[in-house]
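# Observations on the three-dimensional arrangement
The primary structure of each chain is shown beneath.
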Amino acid sequence: MGTKGTVSVRTSRQEKTRATRRQLLDAAAKIFAVHGYEKTGVADIVAAAEVSVGTFYHHFDSKNALFEELWSELRGTLNDAVAAAQESARSAVRSARSGGVTDESELFDRGARAYFTFMWKERETARAFFFGGLPAQFAETRRRDEYSWIAENSTMFRSPDTPTDRIVNKLIVSAVSESLVEIMQCSDDAEAETAITAAIHIVAAVDRLGSPSSPMGLRI
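Residues numbered from 1 in each chain as written. Predicted model: local features only at pLDDT ≥ 70, side-chain atom pairs only at ≥ 80, totals over all residues. Heavy atoms only, no water.

### Some points on the nonpolar core
With 26 residues, the main nonpolar core has Tyr115, Phe116, Met119, Val176, Leu180, Ile183 and Val203 as its most contacted residues. Sorting the residues of this core by element identifies helix H4 (63-98), helix H5 (104-121), helix H8 (163-184) and helix H9 (189-208) as the ones contributing at least two each. Counting residues per element, this core draws most heavily on H9, which supplies eight residues. When neighbours within four sequence positions are excluded, Tyr115 is seen to be in contact with Val82, Ala85, Gln86, Ala89, Val176 and Leu180. Core analysis: the second largest hydrophobic core is formed by 20 residues, Ala27, Ala28, Val46 and Ala49 among them. (Core = buried A, V, L, I, M, F, W, Y, C linked by side-chain atoms within 4.5 Å. Buried < 20%, exposed > 50% of the residue type's maximum accessible area, 1.4 Å probe, protein only. Helix = DSSP H or I, 4+ residues; strand = E, 2+ residues; numbered from the N terminus. Contact = heavy atoms within 4.5 Å.)

### Describing the confidence of the model for the chain
Where the model shows low pLDDT, its predicted coordinates should not be examined in detail. When pLDDT is averaged across the chain, the result is 79; 76% of the residues are at 70 or more. When the elements of the chain are averaged for pLDDT, helix H7 (residues 136-153) gives the smallest value, 63, and helix H2 (residues 42-49) the largest, 96. Segment residues 214-220 is flagged for pLDDT under 50; beyond a separation of four residues in sequence, or across chains, it makes 29 contacts in the model. (pLDDT = per-residue confidence, 0-100.)

Structural data, given as structure tokens:
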């Protein structure tokens, strides 16, 4: 009985420790999403989590250490969301084609709208990465991710065979990234829909700078 009681107490303490750590991470994620990393202090996090400063430092050595753990979690979730958004875009275009849609601009519209709409629904995860400054090492990781995304998905736009196409590909990714920032700041679905429509027009215009006769919709 004594051993079982000790194990029970130890398990209860471990569960409480995990719960408090989770509470701090969740609170920090919400604040980072609104104010960004640089403008968020430890005091803001502990107030939102309703714990003491001492409790914070019992779990994390610094705000950067907390962000490192949060980054690891959310980056994986965001990457999954982006992959799902890309597949949603491809699926929308495939469905439109099977339904007889052949107009290139409409195909592009269907795919881009599906992508932006999916990311709008996943905004709570994405906001922590798009708003406010990131610590230097994480900002560099995000930059590498963006270039990797270009390389892996260039066929969604065009085969980067020329300097012009390579530049346009990068401009498209920048346009998509900036569009997402605006979309994720929308207050409701109606405002997001307006922002999504504007983003589609802008990205399509950038795409045509490279190959006017080969818009992005054909590549999805």
